[in-house]
Amino acid sequence: MKQRLRSFWGWGLADETLPEVYISEFKRMVQLAFGLNSVDETPPPRLEELSLRTPGFSLPSDLKSFCTQETYDRASHTYGKSFRDMIRAINRKFDNPPDYVAYPSTEEEIAALMRFCAEKRIALIPYGGGSSVVGGVEQPRGNHYEGSISCDMVNFDKIIRVNEKSRTARIQAGIYGPAMEAGLKPFGLTIRHFPQSFEFSTLGGWIATRAGGHFATLYTHIDEFVQSL
Ligand SMILES: Cc1cc2nc3c(=O)[nH]c(=O)nc-3n(C[C@H](O)[C@H](O)[C@H](O)COP(=O)(O)OP(=O)(O)OC[C@H]3O[C@@H](n4cnc5c(N)ncnc54)[C@H](O)[C@@H]3O)c2cc1C
């Protein structure tokens, strides 16, 4: 399931905008709550406004084919989706983007990335849906590393095997919630893990963060559904 372009600065899709009436009503509510005569509105950032620093290192040729330094990719992998992240993005503060974003499609490509990063002291950060609210997908600051690569797992989106008898499945880590449920449905199965970020988060991200499916009852934590990694 290919996704439409995501917003590089906030939650949701790039072409989704709020109806004008929501914005005016929200402004009215803030005015009333704080006794203000008017409220200034900051328009969302546009890609053309950003000038990201140049990558601090170059890539060997075997990594170039699946890594990019495009502004959209680097900006959209700079932050997660917490309130603090939104504020920094709305303020056009993209001062610490990853040097590159990698989109590997094979385990060999991930291994090649790991070898390069270990050798050159570069931080390699797995990126699932980027819905982290605790800085988990952010690049490290300081001089401990020579730079960073955000490793987007989006191409690892397959359900490899389903065993209907034992009701287990082998699934790649980068699959998004809706795609996984759609793939299991024909077998009459569900993971039954529904975090509020379901639409834009991945199996690998859920497991790495030990997510809780707050839209379901009883067994809701991802730990309860994982047989092995
Ligand atoms: C609107 C909203 C609602 C939310 N609702 C919930 C909720 O109901 N329950 C809940 O628990 N959380 C919730 N969260 C937090 C977040 O969605 C979860 O932490 C989710 O599990 C992150 O998944 P992700 O794929 O987006 O991972 P990312 O944000 O991309 O990554 C999170 C961490 O996991 C690591 N990681 C990602 N993929 C891999 C991988 N394949 N291998 C190794 N490490 C990896 C990253 O490096 C990072 O450290 C919510 C967040 C938002 C913005």
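Owing to the predicted nature of the structure, the values given are computational and were not obtained by experimental measurement. (Residues numbered from 1 in each chain as written. Predicted model: local features only at pLDDT ≥ 70, side-chain atom pairs only at ≥ 80, totals over all residues. Heavy atoms only, no water.)

Student: How should I be thinking about helix H6 (residues 177-184) in this particular structure?
Tutor: Every α-helix winds through 3.6 residues per turn, so residues three or four apart in the chain are directed the same way. Those residues of H6 that fall on the buried side of the exposure criterion are Gly177, Ala179, Met180, Glu181 and Leu184. Where H6 is buried, its residues contact strand S5 (159-163), strand S6 (168-171) and helix H7 (203-209). (Buried < 20%, exposed > 50% of the residue type's maximum accessible area, 1.4 Å probe, protein only. Helix = DSSP H or I, 4+ residues; strand = E, 2+ residues; numbered from the N terminus. Contact = heavy atoms within 4.5 Å.)

Student: What exactly am I supposed to notice about the packing of aromatic side chains here?
Tutor: Note on aromatic pairs: each is described by the distance of the centres and the angle between the planes. Applying the stated rule across the entire model yields seven aromatic pairs. Judged by centre distance (6.0 Å) and plane angle (45°), the ring pair of Phe8 and Phe94 falls under tilted. Of the two residues, Phe8 is situated in the segment before helix H1 (20-34) and Phe94 in the loop between helix H4 (83-90) and strand S2 (100-102); the sequence distance between them amounts to 86 residues. As far as burial versus exposure is concerned, Phe8 and Phe94 are alike and both buried. Measuring from centroid to centroid gives 5.3 Å for Trp11 and Phe200, while their planes differ by 80°, and the two rings are edge-to-face. In this pair, Trp11 is assigned in the segment before H1 and Phe200 in the loop between H6 and H7, connecting sequence segments 189 residues apart. Residue classification places Phe200 among the buried positions, given a relative accessible area of 4%. Feature note: the residues Phe8, Tyr79 and Phe94 constitute an aromatic cluster, connected by ring pairs. (Phe/Tyr/Trp six-rings, centres within 6.5 Å; stacked < 30°, edge-to-face > 60°.)

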